[in-house]
Amino acid sequence: MENGMRKSGDNGMENGMENGKDKQYKYDAFISYRHVEPDQTIAKEIHRMIEGFKPPKEFYKSGKKTSFRVFRDREELAARDLSSSIEEALKESHFLIVLCSKRTPLSEWCEKEIRTFRALHGDSRIIPVLLEGDPDESFPMPLKQLKRGEDESLLDVLAADIRPEEVLKKDFPGYEAVQKTDKGKLTDLTKQAVKLLKVEKYRIMAAILGCNFGDLKQRDKERKNRLILTISSMLGALFLIFGLFMTAAYQKAEQARQEAVQSNASILLKTAKDIAKEGDYLKAVLVAKEAMQSIGKKMPSYLKLRGEEFSIFHDAIYHSGASTLTSISTKNKLTYMSLSYNKKYLAYGLDNDATAISSVENGEVIRILSGHTQQVKLPLFSHNDKMLATSSFDSTCIVYDVETGESLAKLEIPGIPMLTKFSDDDSALFCIAFRDNLADFYVFDTASWEEKSKFTITEPIRHADIKGDGTEALVVLNANVEGQLTRRSMQDGSIIDVLPKEKAVDINGQEYELSYRQASYSGDKENILLLTDSSIKKLSLLDYTELFKQSIKVDSNDLKPLVEGTNGETIALQSYSKIYLLDGKSGEISDEIYFSELGTKYFAYHSETNTVVGFGADGHYSIWRNKVIVEDKLNYGGALPSELKFLQNGSKILANSHDGQTIKIIDMKSRISEEPIYARILSYSNDFSKMLLYDGSELSFSSDNGKSSEIINLGDNLNLGLTKDGSVYQISNDGRYFTSVWQKLGSPKPFLLLYDLETQEKQELELNSISPLLRFSDDGKALYILDAKEGLKVYSTADLTEMESYPELQDSATSFLLSEDGELLVLNRFSGTASLYSLANRKELGNIPGQVLYIKKNGEEILLKGIQNNTAFTWSNQTDTKTVAMDDACAQTPLSFDDINLYNEKSGLLLMIRNNEIERKAYVVDFESGQLKMSFTPSVKAYDVNGYISPDGTVLAIDQNYYAKIYGDDSIAHDYMSSAVYHILSEEEVEAEIEKILAGRVLTEEEKEQIGITAK
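Residues numbered from 1 in each chain as written. Predicted model: local features only at pLDDT ≥ 70, side-chain atom pairs only at ≥ 80, totals over all residues. Heavy atoms only, no water.

I would appreciate a short explanation of helix α13 (residues 302–317) in the present structure.
In an α-helix, one turn spans 3.6 residues; hence positions three or four apart end up facing the same way. Look at α13: 22 Å from first C-alpha to last across 16 residues, which is about the 22 Å you get at 1.5 Å a residue. Counting buried positions along α13 yields 14 of 16 residues, so the element is predominantly enclosed. (Helix = DSSP H or I, 4+ residues; strand = E, 2+ residues; numbered from the N terminus. Expected span 1.5 Å × (residues − 1). Buried < 20%, exposed > 50% of the residue type's maximum accessible area, 1.4 Å probe, protein only.)

Shown next as structure tokens:
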């Protein structure tokens, strides 16, 4: 043993069973202990251990199994003397077990219990158990008086030692100190002590049974081994008899369990999809992950459920230029929000009386602050982000320590809170509250939270702003009177100056005074901005020199028509549905932004990226950036937001809807989108190695997925215009030949132009159809032309001589495919069926319902892949047709004759683009399973949306935006077109990206309860 301690159980006590054998005791042991930790937990464990101990047979009484009873006082003694029940229990107890820690000698009750037991039974049946310290410091005085052994050492008195290694160290401060400073450590040490009891219990029981510790431990081990052997034999026989029955029953139960688990997962995944539709992608992802926690790879529905999970993941990762990442429920219709200066945290009023701080990255609630009795209206971070001031309708402002959540001050501010502001150096806090028609201005010292000053303005106020250094305020009165706009001292409210009224002339030439609606200190800290319903002007704060004035009408109902850029260098001003961008120094208008179909109600402006986001009354929003509407009519969902904040880097917008009681975090850019192609996708080569592009003025082709392009110069006499369908433009796989169909002025017939990009030579061929179907052979040596009048003709690209003609193929078609060797042709008809022809034998080989997107010839087998309505099919001339139903979501957008469908064999991806006149939608589906991987909503309506999948299946491009009449530096109107480009991630990359998006967020217990997720 440690420290060389000897224990009485090792040497053998007087035989406890023999000593007092003529007396029958009610209790085998009485446990004396302090009601502190870990003493009381260990007392409880010893109690349970003794009463559950099964002694060897030789200790059975009269051949019967021996059982043990223990008395353990569960209540701390409150009387001066031992109660009669305690004295009776001590009298009726055979042994006394004393738990000894450094605090035991301080207990007069433990000492009295020991003294009473000694008086009743003598010294031989007392069993000390050491929890901490040495016997000399942990034994009560009556125990120290027990002397056993030749040297009468206290070590001989000790029966059991359950001190963990850390407790044995000299620098251990003691359980009492640990309990006060580190409860977690106390719990851990208690567990270690209880673990030591597994061995030390034999020393305690050896003392009670009056035998040797080693013998008792060995006999108990032998007894357990015999029991295990007996049970094993019996179980072996039972398993042999019932094995088949149990196996079948288990399999049936396991099957039922798996079906229930899979059904539950399916329900949760549907819930996750619904949540994603509502615009909370993060919560949708968390619910999807929760759904899959109990789904094993060997379960029958694993692949289907896994596909649904990844569909939800893709929705969170792949989206157009802007999309709602997550929604935060405020449950507060009146709260505004505050963004920390480090742009990491968002504060807002929560529910009826609390304030919440959430992560801007994922919306997770980090801290909930209490203390108010009514709704919080105005939260505000200090400039150093160490304090948060919250003004409530309960007429108080509470200031919290952001890091700890501790309340630093509770300030009494009667009335309705209208403004809360920290000084630039955070040394002062300013508050404005309205009482009836009065406005109270407060100044508090943030070091002491004493009220430095207070003054009241007795007239109704329309607008107020406080200078950053806290010296003065700009006050605009409601009434259009002389002195409507004043500068006032923040010390006593005295008027520093009265600013002159703005003058205007009516239609009759009569001069009148305009009413100010807003006055604010400029972000440059040197000037002030003044706004009326018809103009904006900037004045020097030093001498009121007018720096500029612009006549711009402002809707008097707009709550926040003016937004300044960083340091006041730029200004955004809303004039009804139009937004003007002004130079902050000269007032010169640099841009006029008008979202024609939006009806802008509110807007946000980010000066660093020159981005304006407009929100319309119909619940949609559009994005303007650098003279171009890059996203148009995106669906916001829910009640319209009235408060908007951009993050500093422009990556996100925080949109607060008071009516919806929701704050949405809008991600301004898809996480895996690459640089967009500033052109539309006209067409592509057969193998998708080349992409034909048109930017509104020039035609080009790209060989690197749109990263770069080469211009195709067709000459000045050919004007593409805004072609609805780009299928009449084709390029060969090798990029040498380009062909298209044109109409000459004065000529009744169109002509085909074949352009050799290598030699820059042009060839022309007169046609009978304005919109034939065109296709190059894979080697680029032949050009196939199909129309309903003349059927199929094949021409040499070298000189446009006719090589072959198939007049029998005169049916109207939407597209056609050729096998690599050019022997087989698939004609996709308008009727919705596909016809397979052998061009070599001039025979029809069969008709297949649907549209064929892929053809492959392997020896004698012909393999076709395609779609019919919402079903993917694989057809073979040697095996049965295989069909897979696609995700129901793909059927929500109506089909049309202008739809475009693409299939990539290498990745197994199917891209379906719906070009109906009502809605444009693109779906990306896993062809083999039918699972929807992602979907997009292009805003293009002026022409058919086209798409592209790279040959290796890793890059996806889709026409995204079109905006007409963009004026360039040449003051000439240009068509703006762009296509979104996305990198297709592997499963591992998707999961890694999802973890980045979640940023550690988990579902709260409240969210689980709302969704209906129960503990497994």
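Next comes the rest of the account.
I keep staring at the sheet that holds strand β17 (residues 438–445) and nothing clicks. Help me out?
Ordered by their spatial adjacency, four strands build an open sheet running β15-β16-β17-β18, and the pairing between neighbours is antiparallel. Every other strand in the sheet has two partners, leaving β15 (416–422) and β18 (451–457) as the edge strands with one partner each. Strand-to-strand twist across the sheet, computed as the mean angle between neighbouring axes with direction ignored, equals 15°. One ladder, built from eight bridges, connects strand β16 (residues 428–435) with β17; its direction is antiparallel. In the strand pairing of β17, F434 is matched with A439. (Pairing = 2+ DSSP bridges. Axes fitted to C-alpha atoms, helices over the stretch in contact; angles between N-to-C directions.)

Hey, could you run me through the nonpolar core in this one?
Considering soluble globular proteins, one finds that nonpolar side chains tend to be buried as a cluster. In terms of nonpolar packing, the biggest core is built from 93 residues, with Y318, L752, L911, F936, L956 and I994 touching the most fellow members. Broken down by element, the residue count for this core peaks at eight residues, all from helix α12 (residues 281–291). Ranked by size, the runner-up nonpolar core spans 33 residues in total, among them I46, F68, F95 and I208. (Core = buried A, V, L, I, M, F, W, Y, C linked by side-chain atoms within 4.5 Å.)

So what exactly am I meant to see when it comes to the sheet that holds strand β5 (residues 160–161) here?
The strands making up a sheet associate through backbone hydrogen bonding, with each pair oriented either parallel or antiparallel. The parallel open sheet is built from five strands, whose spatial order is β2-β1-β3-β4-β5. Of all the strands in the sheet, just β2 (70–72) and β5 have a single pairing partner and so form its edges. Here strand β3 (residues 93–100) pairs with strand β4 (residues 126–130) via five bridges, running parallel. The residue bridging I97 from the neighbouring strand is I127, located in β4.

In this structure, what is going on with a negative patch on the surface? I would like to understand it.
On the surface, D687, D734, E758, D778 and D779 cluster together into a negatively charged patch. Assignment of secondary structure puts D779 in the loop between β48 (773–776) and β49 (782–787). (Patch = residues over 30% accessible without salt bridge, like charges linked within 9 Å, V, L, I, M, F, W, Y side chains within 5 Å. Areas by Shrake-Rupley, 256 points an atom, 1.4 Å probe, with all protein chains shown as cover. Salt bridge = Lys/Arg side-chain N within 4 Å of Asp/Glu carboxyl O. Lys, Arg positive; Asp, Glu negative; His and termini not counted. Charge placed at Lys NZ, Arg CZ, Asp CG, Glu CD.)

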